[in-house]
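In case you want the letters, here they are:
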Amino acid sequence: AHNEYLQMFVTQGILSGINYIAMCFYVVFFGVKVYINAETNSKEKAITYILLIMIIGYFAQAFFNNSATTISPYKWLIMGLLLTRSKQKEIKKKV
């Protein structure tokens, strides 16, 4: 199957497929949350916007392609950067 999500469901099982899709939504949700809460015209907002566009683009192309070993590390890196940015905001609010 030339669909990353379908491949996840078929090869790993229903629970893994649901978990993978939930993780994708989780990353995008927190990325959008950081983008909305960032100060207008800030460097943080620009970087978050770029990371969001990159990961949303990856998730869109995943409907038509399998995960390539050359691209997959970048997906995980971008997802990690977005989640780190959301957690940094939460830590700053507590301090």
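Our subject is the structure listed above.
Residues numbered from 1 in each chain as written. Predicted model: local features only at pLDDT ≥ 70, side-chain atom pairs only at ≥ 80, totals over all residues. Heavy atoms only, no water.

(A) Inspection of the overall build of the protein chain at higher detail. A tally of regular secondary structure across the protein chain gives four helices and zero strands. Reading the protein chain from its N end, one meets helices and strands in the order α-α-α-α. Referenced to the eigenvectors of the C-alpha coordinate spread, the extents of the protein chain come out at roughly 45 × 25 × 20 Å. Looking at the 95 residues of the protein chain, the share that counts as buried comes to 28%. A separation threshold of at least 6 residues defines the contact pool for the protein chain, and within that pool the share at least 24 residues apart is 66%. Accessible surface, the protein chain: about 6,500 Å² in total, of which carbon and sulfur atoms supply 68%. Side-chain charges of the protein chain comprise 10 positive and 4 negative groups, with the mean position of each set lying 3 Å from the other. (Helix = DSSP H or I, 4+ residues; strand = E, 2+ residues; numbered from the N terminus. Buried < 20%, exposed > 50% of the residue type's maximum accessible area, 1.4 Å probe, protein only. Contact = heavy atoms within 4.5 Å. Areas by Shrake-Rupley, 256 points an atom, 1.4 Å probe, with all protein chains shown as cover. Lys, Arg positive; Asp, Glu negative; His and termini not counted. Charge placed at Lys NZ, Arg CZ, Asp CG, Glu CD.)

(B) Structural view of the environment of Lys43. Counting through the fold element by element, Lys43 comes out in helix α3 (residues 43–61). Sequence separation between Lys43 and Leu15 is 28 residues; the distance between their C-alpha atoms is 38 Å.

(C) Inspection of a nonpolar patch on the surface at higher detail. Nonpolar side chains collect at one region of the surface, where Tyr49, Ile50, Ile53 and Met54 lie side by side and expose about 400 Å² of accessible area between them. Of note, Ile53 is situated in helix α3. (Patch = residues over 30% accessible without salt bridge, like charges linked within 9 Å, V, L, I, M, F, W, Y side chains within 5 Å. Salt bridge = Lys/Arg side-chain N within 4 Å of Asp/Glu carboxyl O.)

(D) Structural view of the packing of aromatic side chains. As enumerated under the stated definition, the model contains six aromatic pairs in all. Aromatic side chains Tyr26 and Phe30 sit 4.6 Å apart centroid to centroid with 65 degrees between the ring planes, which places their arrangement in the edge-to-face category. Taken as a pair, Tyr26 and Phe30 lie in helix α2 (residues 14–37) at a separation of four residues, close to a single helical turn. Over the ring of Tyr35 we find Lys45, and its NZ or CZ is 4.8 Å from the ring centre. (Phe/Tyr/Trp six-rings, centres within 6.5 Å; stacked < 30°, edge-to-face > 60°. Lys NZ or Arg CZ within 6 Å of the ring centre and 35° of its normal.)

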